[in-house]
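# Overview (structure and organization)
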Amino acid sequence: MLYRLLPLLVKLRTVSPGLYYLVIRLAKRFMGASLGVYPRVMGNELAAVKAVLESSQWNMAYGRGLAHERLEHEFADSVGSKYAIAVASGGVALQMSMRALGLKPGDETVVQVDTCSATALAVMNAGVTPIFADVSAETFMLDFDDVRRRIGPSSKALIATHMWGNPEDMAAARALANERGLKLIEDACLGLGAVVGGRPAGSWGDVGVFSFGCIKPIQTGEGGMIVTNDEGLARELRSLRHWGDRAIEFGVRDTTTLAWNGRMSELIAAVAREQLKGYPKHLAELRNAVEDFRGEIASYAGLSLCLGSGDAIASSAFTQVVLKLDETQLGAKKADLLARFAVSGVPAWQANFELINSLTFFKQGGWRDWILRGDIERVADNYASAFPNAEKLYQSNGFGFGKPNFLSSGNFRNMISVLNSAIENGRKS
Ligand SMILES: Cc1ncc(COP(=O)(O)O)c(C=O)c1O
């Protein structure tokens, strides 16, 4: 069976990386779908890139019918928002969103402590101060009581994240943002295709941001998108991605604010359009496999699927399939399970990211040089405080299975058999 080669491939990656990448390239090219590899070509990406290369317009411009414009329309439709603004990455999308929403140095944005560090860096690169909040032990998404405690006089925005594609409770996020006068930024970088309260992820915030980078729902190498229903905000964002040039969006040649080159290349836009076309089918297959998986693990007390604030398989984008773990009930330790998955070549990882306040820049005080104004001691207290649920999630009560496990029957069976034997072994030791 092909999946039996996985441990060998893991070894090959260490012994001979060159040969490993050659094997992966050939396998992807000739057996990609049956091996369940991801990312994968989902449409006519090669032809779409070729068409751009054969044209004279490789970068974003404001002519008619270019790939990024088409992508923006298609993306906005797919998310149910009026406007979409194609940008260079999810991180730059977050930075530009904060600037467009009027946040200034000294303002604070509350964000969950165990999201990707890119988010905290984006907040700081926009001149804004990230304040961290804990997650719920139940949903692994924001703990809104803790968010409430962390909001201070300088808080101006809340970032709600669809972590690993599971839906955040956007009605609760919206209610809290309205109550405390915060802008709501919906980080859907991992959540394209998730559904919250009957609406697509990304459509709830003042802005919704998406990433097309590594391990994201659709992938283009790098890339991102911002969606909004506010026409003024959309124009401001288009200006911000283009050095703040007002000529294109506002008819006045001027720079009125600090801005970026946040543009998306036409080559990337062409790939994104094809990925977006193929995504619904891909997501439907993934959800079917997760449904089967839920049946496979039903007999294990102490191991269950975590669907965030949602309760249906159809509400998650499963960028990673998150599992809730009770080590005592299951009789096996998370660390042992992850070690077994690693040697058996079963893609698996944490159910959250390293706590951001534990990363060197935040732990050792490097951040102090970059907080332009504001209450440094309040910020320092926040970074030194405890986030017990996120910590426990990282240490013991959750993990995630990567998508490739669900994208071929061989990988799926391998994952189940390694999981079963890892649990058996864990119980014996
Ligand atoms: C939740 C989340 N937000 C934002 C980002 C940043 O996206 P990008 O890598 O495209 O800058 C990431 C990247 O992994 C992410 O996981």
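Residues numbered from 1 in each chain as written. Predicted model: local features only at pLDDT ≥ 70, side-chain atom pairs only at ≥ 80, totals over all residues. Heavy atoms only, no water.

What follows covers helix α13 (residues 334-343). Along α13, the residues classified as buried are K334, L337, L338 and F341. Along α13, the residues classed as buried sweep out an arc of 95 degrees about the axis, all on the same side. Along α13, the residues that are exposed and aim more than 90 degrees away from the buried face are A335 and V343. In this structure, the buried residues of α13 make contact with β11 (320-325), α12 (327-330), β12 (348-350), α16 (388-397), β13 (398-402) and α17 (409-428). Directly beyond the C-terminal end of α13, a positive phi value near 70 degrees is found at G345. (Buried < 20%, exposed > 50% of the residue type's maximum accessible area, 1.4 Å probe, protein only. Helix = DSSP H or I, 4+ residues; strand = E, 2+ residues; numbered from the N terminus. Arc of directions from axis to C-beta. Contact = heavy atoms within 4.5 Å.)

This part is about unusual backbone geometry. Residues Y38 and P39 are joined by a peptide bond in cis, for which omega reads 5 degrees. Along the chain, P39 falls in the loop between α2 (17-35) and α3 (45-54). Of note, W164 is a non-glycine position whose phi angle comes to about 55 degrees, a positive value. Among the structural elements, W164 can be located in the loop between β4 (155-161) and α8 (170-180). Judged by relative accessible area, W164 falls into the buried class, the value being 3%. The phi torsion at W243 lies on the positive side, around 55 degrees, for a residue other than glycine. The residue W243 is located in the loop between α9 (231-240) and α10 (246-250) in this model. The class of W243 is partly exposed, set by a relative accessible area of 49%.

What follows is about the sheet that holds strand β1 (residues 83-87). With respect to topology, 7 strands assemble into an open sheet ordered β1-β9-β8-β5-β4-β2-β3, the strand pairing being mixed. At either end of the open sheet lies a strand with only one pairing partner, and these are β1 and β3 (129-133). Neighbour-to-neighbour, the strand axes of this sheet turn through a mean angle of 25 degrees, independent of strand direction. Seen against the sheet, helix α5 (residues 90-100) touches β1, β2 (108-112), β4, β5 (183-187), β8 (207-211) and β9 (224-228) and runs at an angle of roughly 160 degrees to β8. Across the sheet, helix α6 (residues 117-125) touches β2, β3, β4 and β5, and the angle it forms with β3 is around 145 degrees. (Pairing = 2+ DSSP bridges. Axes fitted to C-alpha atoms, helices over the stretch in contact; angles between N-to-C directions.)

Taken together, 14 residues form the shell around the ligand, and within it G90, G91, D187, S211 and K216 come nearest. In the model, a nitrogen atom of the ligand is placed 2.7 Å from a nitrogen or oxygen of the D187 side chain. In the environment of the ligand, an oxygen atom lies 2.7 Å from a nitrogen or oxygen atom belonging to the side chain of S211. Contact with the protein chains hides 86% of the accessible area of the ligand, taken as 390 Å² for the molecule alone. Residue composition of the shell around the ligand, grouped by class: 5 nonpolar, 7 polar and 2 charged. (Near = heavy atom within 4 Å. Polar contact = N/O pair within 3.5 Å; in protein donor to acceptor, adjacent residues only side chain to side chain. Areas by Shrake-Rupley, 256 points an atom, 1.4 Å probe, with all protein chains shown as cover. Nonpolar A, V, L, I, M, F, W, Y, C, P; charged D, E, K, R; others polar.)

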